[in-house]
Each structure stands twice: as C-alpha cells, then as structure tokens.
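One letter stands for each residue in the lines below.
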Amino acid sequence: MTRRVVITGMGIVAPNAIGLDAYEEALRGGRSGIRHVPLLDELKFGCRVAGVPQGVDEVAESYFDEDELLAMNSSHRFGCVAAVDAWTDAGFERPSHEDEHVFWEAGAVIGTGIGGIDTIGERIVPMVDSGRVRRLGSTMVEQVMGSGVSARVSGLLALGNQVTANSSACSTGTEAIIEGALRIRSGLADRMLCGGTEGASHYIWAGFDSMRVLCRNHNDEPEKASRPMSASAGGFIPGSGAAVLHLESLGSALERGARIYAEVLGGALNCGGHRSGGSMTAPNPVSVRRVIGQAIADAGIEPDEVDLINGHLTATGADPNEVAAWADALGATPESFPVINSTKSMIGHGLGAAGALESVACILMLRGGFAHPSLNCEDVHPRIEGYAESIPHKMKEMPELRTIIKSGFGFGDVNACVIYRRWTQ
Amino acid sequence: MARDETFAKVMEIIGRYAKNKDALEGATDDTNILEDLKVNSARLVDVILDFEDEFDIEVADEDADAVNTVGDAVTLIEAKLG
C-alpha cells in the first residue's frame, strides 16, 4: 500500500519570527534572528551570539495552563507551541481535557538533538549534588526524557497513533518528516505531526563552542555572523526553536477538503559508517551523494526537475564539500545548477530543529514562488565560485518554482534528504 | 493563622495544578483533590513541596500520602503550624 503524502498544516517558532505569516515576511526580507547573548560574555564563550525565538513565553502562557507550563523548559515551549499551531493550521480544534475522544489515526514524530539539558544543568545537577533530591518535584523526568515534547503534545491534542521522538543530531528534523511520511505512505497512520525542537541554553551550546565549530569573529555584528557559503565563514551560529509540519495522506486531506500546501514527494535516510573520510563529526562524501540520489529515485523525478536546493550549509568548512556533492549527485554543471540557499544564514543552526525550521521555509517558498536570500555570502567561498550565480543575495521571485530538495546532515555521519513539490489542484 | 486563611492559601496552591478550574470556586473541606479538582496524581508531590515553601513546614511522605481532600491538607498544615 503506497499513499501520497501532503502537508496540510505548519507551526513555526523561529529566531526571526513566530507564526507562518511573520516567518514568510522575515524570509522574504532576509531578516536575521541572530542576536548578542550577554550571558555568553559573562561565561567567556568564544561565540557570543545565537538565534533565540523572541516572545515565546507570552505565546506559551496564552496557550497552556499553569500546570502544563510548570513542566515545560524552553524546548517544550517551542515544540508545543509549534505543534499546536500546526494542528490548528491544518483545520483542527484543540480538544478539551474533558473530551474523551482520541485521534487514533494521528500521531507524532517530534525529535530533538540534545534534549532537556537546561533542566539537567539548572535543576537536577545542583539539587541532587546538594542532597535535595526530594525537592526536585514531579516534572523532571518529563522535561529531560528524549520523548518529552512528543509526549506532551500527544496529551494536548489527544493523539492515538504512534507518538515518538527521533534523534539524529542535526538531521533530526528532516528525519522526523521522512519517518512520518513513510508511516502515512504505508497506511499505518493518516496524519502525523512531524518536526523537531531544540531549547535555547548555554549548556547546549557549550560543547560546540569548546569544539571550536562556532563562529567566534563576528560577536560584534550578530546579523553578519552566520555566513554559509562565504569565504569568511568561521563556524556555525547556534540556533534554537521548533517547527512542526502536519503531514496527511492525500486521501484524508481531499476527503475533508483540507488546504494543501505541498506534497512530500520522497525522501531518503542513510549513514556513511564513518568511512571514506566520514567520522563522528564529518560526513562520508559517498553517503551524501548516495542519499541525494536515493531521495530523487524515491520521489520518482529526474535530477533536472530540482528548481531549488535548500542545503544543510551551516557555515563551516564543509559547505564547499556539500555544494560539490549536490553538483555530483544532480549531475549539474555550474550553468545548470539549481538555485541554492541556506536558511541558517538567517536563523543560525537549530540543531535538532534545523531540518524542520528549514522545511517550513521550503514550503513557504514553494507556495509563494520565491527563493529567500542566503545572507552574508557576497564573498562566495573560492571553491563555490563557479556556482555563485545560483545563490540569491536578495529575495528572488520564482513563480515557476515547483520542486525543492532539502538536506540535513548530522554528527554520527547520518544524512537525510527530502523532496517537496508545490501543490496544484 | 485562622483555618479559613489556611484554606484559602491551600486552594491557591492546588488551583495551579487543577485541570477542573470550575470546581475550584465551590470547593469545601470534602473536595477530593484528584477526583474533583482533576489534579494529575504525579503533581501531588509538587503540591506538597509548595505547602512546605508557603507555610515553612516539612511534610513527611506518610503524612503526604494521607492527604486526599482539601480538608485533609488544611488539617495537616494547621497541625504542623501548631
């Protein structure tokens, strides 16, 4: 049984906008969500800027009751707001706690790269180490368990199908969408809320800072700090937030007359096995080319049907390798290379949320017929120079935009690639 | 502290966790915290911790286990306060 899968709702909590309209406006305008974080000065981080969604607490307090908020760290607040928004955007009302109906046909795959480390750092470690275990209260486990957000969302929305959380580092969000799409395709679910969430915490960013993979030389110019594909890229900017997409079988969407944003044409997941130059922190170039080819085969399209590449493109030294992989896998010359952009240039690297935050950008670009600008790469990296014409520095109108390919690569040498197509009746 | 004052403070604390906000209004000593106010049973731990903070008391686990109604909580706190 193979069924077509479409996207009928979305929710977004991004560093440069909350909500779909605001996010589209920010994307079109090339508005950066990277800001200076004073705490990082105090703590002597190398990188002192980050992408953190603004004003989320006010939204969360209007959505959730006091009891729910007591058990929600930043990752939970981002993820739950995005999930509820995706659900209502898809045309469903939030069920009341008293309503015993369970949506057996609807589930969730909402992943995270790091999880509730802010709760561990701020509550569990100091209290346990000072002998105050009994003062921790009842909300610690649900805030630090990997499946905490999907578990909370299932209660908010009465989900009855598979409810789980995936984790594959920086490919988590993209992987979640593919996992959910496969479940719908196979007939095991009609609707799946899929995406990723990552909290805003110096405890999450510290390990990356210590690895020296974060940008250290643009602390005074936050909006210029995230520089994918640039010759002056000096590392990625940590981001945070959440995005959730409401995936649905085409049959279910048509039957209820749902508004359809786009189709998930196909996707693929793999791992490079830490061979051929791949490692815990670097992708095997063979596996990257392979996952792109597999996604194209799964979607049943020709490589030249791809109009836009929304890359993983984090602003590390790996960007030129990624562009080379796209050219190889698509069989593209510099002349035939599709438009390419990096959403991270505006919002930083949302880690486990990245693939979902960027997928929502893809769907908005498909629907609106535009390519958002890729910021801060006017000085294109010398190894990408041949493809410079493919990079929009300002918003590019693309009324014929039909097909976007999106990748996510993660620590552990894991890769995800998904293909979206504009929906036309 | 007068019993009705303690009762009001207890209700304020339990109210944070109650799913049935409508039942808070007419609550009495006999109101069951879990069944009538729909407090999630796991959250009783947090209710007790909030009592400890609010009234500056310590509640042993066996005393906490005996709290079923709002009245049970008020009586327990009054006894601790002497």
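Keep in mind that what you see is a predicted model, and the values were worked out from it rather than measured. All chains use their own residue numbering, which begins from 1 and follows the written sequence. Chain letters start at A and ligand numbers start at 1, both assigned in the order the entries are written. For a predicted model such as this one, the threshold for reporting local features is a pLDDT of at least 70, and the threshold for listing and counting side-chain atom pairs is 80 or more; totals across whole chains, interfaces and linings nevertheless cover every residue.

Residues and elements named next belong to chain B. Runs of H or I in DSSP of at least four residues are treated as helices and runs of E of at least two as strands, each being numbered from the N terminus. The span one expects for a helix is its residue count, reduced by one, times 1.5 Å. Between its first and last C-alpha, helix α5 (residues 70-81) extends 17 Å over twelve residues, near the 16 Å set by a 1.5 Å rise per residue. To sort residues by exposure, count the other C-beta atoms lying within 10 Å of each residue's C-beta; 20 or more gives buried, 12 or fewer gives exposed, and values between give partly exposed, all with C-beta atoms placed from the backbone. Taken together, the buried positions of α5 are occupied by Val-70, Ala-73, Val-74, Leu-76 and Ile-77. Seen along its axis, α5 keeps its buried residues to an arc of 165 degrees; they face one direction. Contacts made by the buried residues of α5 are with α1 (3-17), α3 (44-55) and α4 (61-65). Just beyond α5, the residue with positive phi is Gly-82, at close to 70 degrees. Think of it as the arc spanned by the lines of direction from the helix axis to the C-beta atoms. A residue pair is marked as a contact if its C-beta atoms, positioned from the backbone, fall within 7 Å.

Residues and elements named next belong to chain A. Domains are outlined according to an automatic or database domain assignment. Along its sequence, chain A is organised into domain 1 (5-255) and domain 2 (266-422). Spacing between the C-alpha centres of domain 1 and domain 2 amounts to 21 Å. Split into classes, the residues belonging to the side of domain 1 that touches domain 2 amount to 30 nonpolar, 24 polar and seven charged. We call Asp, Glu, Lys and Arg charged. Ala, Val, Leu, Ile, Met, Phe, Trp, Tyr, Cys and Pro are nonpolar, and the rest, Gly among them, are polar.

Okay, the environment of Pro-373 of chain A next. Its location among the elements puts Pro-373 of chain A in the loop between β12 (370-371) and β13 (396-397). The spatial distance from the C-alpha of Pro-373 of chain A to the C-alpha of Arg-152 of chain A is 35 Å, given a sequence separation of 221 residues.

Before going further, it helps to spend a moment on the pairing of strand β5 (residues 106-111) of chain A. Residue and element names in this part refer to chain A. With six of six residues buried, β5 lies mostly within the body of the structure. Of the two faces of β5, the one carrying Ala-106, Ala-108 and Ile-110 and the one carrying Gly-107, Val-109 and Gly-111 are both buried. Note: β5 against strand β7 (residues 191-198), six bridges, orientation parallel. The residue of β7 that forms the bridge with Ile-110 is Gly-195. In this sheet, strand β6 (residues 163-164) lies alongside β5 in parallel orientation, the contact comprising two bridges. For Ala-108, the partnering residue across the bridge sits in β6 and is Val-163. Should DSSP find at least two bridges between two strands, the strands are taken to pair.

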